[in-house]
Amino acid sequence: QGLDTIEERGNGLVNFVDNYRKLTRIPKPEITSFGVEEWMEQVKMLFHDRLNREKIRFGIKTDGRQKDLTGDKKLLTQVMINILNNAIEALTESSREEKAISISLELSRQNRPVIRISNNGPAIPDEVMEKIFIPFFTTREQGSGIGLSLSRQILRLHRGYIHAESTEEMTSFIITL
């Protein structure tokens, strides 16, 4: 029993160190220009099976003005994966009949691309909202607490930012590039 406890603790520490490395070793962005609609479809395909399995409706909407994005496609895809994983997790815990995730892209008044990832899962309480971007903060038993912190760091490397809004009807993560 003592050895099992030591092994479990050791595995926990290895997991912690691996997650810490991910936070501290973000590669320098390789900036290129890439098509928005094709990229969003690729992101959608990454989650296709899981969305179907969880019976989550998924939609993408662009205003058509932004054809290309400039940034590191791999790093920005990682941001999308982190946020969409959280959205799916929130929806699997939801008792809503119809579960939905939407991604929209538009231009801000300053002509900057804005990506909004929304879901109709449960609201994020205010006391949790204050902490969601803090490294290693998590409300999930299996969560590492690095996804949103890592996403924020990636966006800062792109001179962008992220923030969240949450009500009983909708939770949105808004990315400005």
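Preceding block: the structure.
Small disclaimer: the values here were computed from a predicted structure and weren't measured. (Residues numbered from 1 in each chain as written. Predicted model: local features only at pLDDT ≥ 70, side-chain atom pairs only at ≥ 80, totals over all residues. Heavy atoms only, no water.)

## Details of the packing of helix H2 (residues 36–53) against helix H3 (residues 73–92)
Remark: H2 packs on H3, axes separated minimally by 11 Å, with the N-to-C direction vectors making an angle of 35 degrees. Helix-helix and strand crossings are classified by hand; for H2 and H3 the assignment is right-handed. Contacts between H2 and H3 involve Trp 39, Gln 42, Val 43, Leu 46, Phe 47, Arg 50 and Leu 51 on the former and, on the latter, Lys 73, Leu 76, Thr 77, Met 80, Ile 81, Leu 84, Asn 85, Ile 88 and Glu 89. A breakdown of the residues in the contact of H2 with H3 according to their chemical character gives 10 nonpolar, three polar and three charged. (Axes fitted to C-alpha atoms, helices over the stretch in contact; angles between N-to-C directions. Helix = DSSP H or I, 4+ residues; strand = E, 2+ residues; numbered from the N terminus. Left-handed = near helix turned anticlockwise from the far one by under 90°. Contact = heavy atoms within 4.5 Å. Nonpolar A, V, L, I, M, F, W, Y, C, P; charged D, E, K, R; others polar.)

## Some words on the side chain of Thr 77
Here Thr 77 lies in helix H3. Taking the relative accessible area as the measure of exposure, Thr 77 reaches 15% and is therefore buried. Here Thr 77 is in contact with Trp 39, Val 43 and Leu 46, once residues within four sequence places are set aside. (Buried < 20%, exposed > 50% of the residue type's maximum accessible area, 1.4 Å probe, protein only.)

## Section: the nonpolar core
Ranked by size, the top nonpolar core spans 39 residues in total, and within it Trp 39, Ile 101, Ile 115, Ile 117, Ile 132, Phe 173 and Ile 175 carry the most contacts. Per element, the largest residue contribution to this core is nine residues, and it comes from H3. Setting aside residues up to four positions removed in sequence, Ile 117 forms contacts with Met 80, Ile 83, Leu 84, Ile 101, Ser 102, Ile 103, Thr 171, Ser 172, Phe 173 and Ile 175. (Core = buried A, V, L, I, M, F, W, Y, C linked by side-chain atoms within 4.5 Å.)

## Some thoughts on the environment of Thr 70
Mapped onto the elements, Thr 70 comes out in strand E3 (residues 68–71). Along the chain, Thr 70 and Glu 30 lie 40 residues apart, while their C-alpha atoms are 9.9 Å from each other. In this structure Thr 70 touches Ile 31, Thr 32 and Ser 33, once residues within four positions along its chain are discounted.

## Focus: the packing of aromatic side chains
Counted by the stated rule, this structure contains two aromatic pairs. With centroids separated by 5.5 Å and ring planes inclined at 70 degrees, the aromatic side chains of Phe 34 and Trp 39 adopt a geometry described as edge-to-face. On the basis of relative accessible area, Phe 34 is assigned to the buried category, the value being 6%. Owing to a relative accessible area of 2%, Trp 39 belongs among the buried residues under this scheme. When the ring of Phe 133 is compared with that of Phe 173, the centres are 6.4 Å apart and the planes differ by 75 degrees; the resulting orientation is edge-to-face. Taken together, the positions of Phe 133 in the loop between helix H4 (126–129) and helix H5 (147–157) and Phe 173 in strand E7 (residues 171–176) put the pair 40 residues apart, joining distant regions of the chain. Neither residue differs from the other here; Phe 133 and Phe 173 are each classed as buried. In this arrangement the basic side chain of Arg 152 is found over the ring face of Phe 133, its NZ or CZ atom lying 4.1 Å from the centre. (Phe/Tyr/Trp six-rings, centres within 6.5 Å; stacked < 30°, edge-to-face > 60°. Lys NZ or Arg CZ within 6 Å of the ring centre and 35° of its normal.)

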